[in-house]
Amino acid sequence: MANSRAPAVHLDRAALAMLAHPLRARLLDELRVSGPATATMLAAVLQTNSGATSYHLRKLAQVALVVDSGKGSGRRRLWSASTESRPRDEGPRDDPDDADGQAALAWLARDYLQHFTDRAEQWLDTQDRWPVDWREQVGLSDHLVQVTAGQLSALRADLAEVLERYRRIGAGNPSAKRVSVYLCPLPVDRPPD
């Protein structure tokens, strides 16, 4: 089987600054979840106007976070997310002199947490409408591991490999549903002095 791995998008400082905006973050998320859409379609879903969505889509395209799918023209241009996964930030995390970059990273992390919270709450609000076999498999869990930073990197790579293997495994099966799997390793211990 050919490798259909989704391209990785890395957030450099320019992309980070471009994405650290509420509407742009929502546009990218909506395109990732729902697929290609026009500015008008996105405006209806996100309850804004098509002029704003069009402007912000072009801004996201400048840093390759969204692309023109080539399946439309003019006002009916279809936009697509350039990746199926949340872009990985490679911004100024270790540059304490870049206050703007640090603020953008913090905003993005909190915005991403809000995306997760919204999805988790949506599940909790609708879980009783799902079949029992789905209710038994979906939900929140956590696992405590004790690792070094290097081992955590290897763990994340292993999990990414497993997720990639399952990315399209249910395609064509009418009982298959899309599922968001969040990876969020967080330290339990206090930071080193």
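Let me begin by describing the structure that accompanies this report. (Residues numbered from 1 in each chain as written. Predicted model: local features only at pLDDT ≥ 70, side-chain atom pairs only at ≥ 80, totals over all residues. Heavy atoms only, no water.)

Let us now look at the side chain of Thr53. Here Thr53 lies in helix α4 (residues 50–62). Thr53 has contacts with Leu27, Ala39, Leu42, Ala43 and Thr48, leaving out every residue within four places of it along the chain. (Helix = DSSP H or I, 4+ residues; strand = E, 2+ residues; numbered from the N terminus. Contact = heavy atoms within 4.5 Å.)

The subject of this paragraph is α4. Taking 1.5 Å per residue, 13 residues should reach 18 Å; α4 reaches 18 Å between its end C-alpha atoms and fits that length. Taken together, the buried positions of α4 are occupied by Thr53, His56, Leu57 and Leu60. Looking straight down α4, one finds that the buried residues subtend no more than 110° of arc, so they occupy a single side. Along its buried surface, α4 packs onto α1 (13–19), α2 (22–34), α3 (39–46), β2 (66–68) and β3 (79–81). N-cap assignment for α4: the residue whose side-chain oxygen lies 3.1 Å from the backbone N of Gly51 is Asn49. (Expected span 1.5 Å × (residues − 1). Buried < 20%, exposed > 50% of the residue type's maximum accessible area, 1.4 Å probe, protein only. Arc of directions from axis to C-beta. Polar contact = N/O pair within 3.5 Å; in protein donor to acceptor, adjacent residues only side chain to side chain.)

A few words on α3. Buried residues of α3: Ala39, Leu42 and Ala43, and no others. The buried residues of α3 all sit within an arc of 105° when viewed along its axis, so they share a single face. Buried residues along α3 sit in contact with α2, α4 and β3. A positive phi of about 55° marks Gln47, the residue just after α3.

With that settled, the discussion passes to the pattern of salt bridges. Under the definition given, this model contains five salt bridges. For Asp111, the salt bridge identified is with Arg26, shortest N-O distance 3.4 Å. A residue pair is termed long-range when its members are at least 10 positions apart, and Asp111 in helix α5 (residues 99–126) and Arg26 in helix α2 qualify at 85 residues. Judged by its relative accessible area of 27%, Arg26 falls in the partly exposed class. Measuring nitrogen to oxygen at the nearest pair gives 3.7 Å for the salt bridge that ties Asp68 to Arg77. (Salt bridge = Lys/Arg side-chain N within 4 Å of Asp/Glu carboxyl O.)

The next subject is the environment of Leu31. Relative to the assigned elements, Leu31 resides in helix α2. With a relative accessible area of 3%, Leu31 lands in the buried category. For the pair formed by Leu31 and Trp79, sequence separation is 48 residues and the distance between their alpha carbons is 7.6 Å. Dropping the residues within four chain positions of it, Leu31 is found in contact with Pro36, Ala37, Leu42, Leu57, Val66, Trp79, Ser80 and Ala81.

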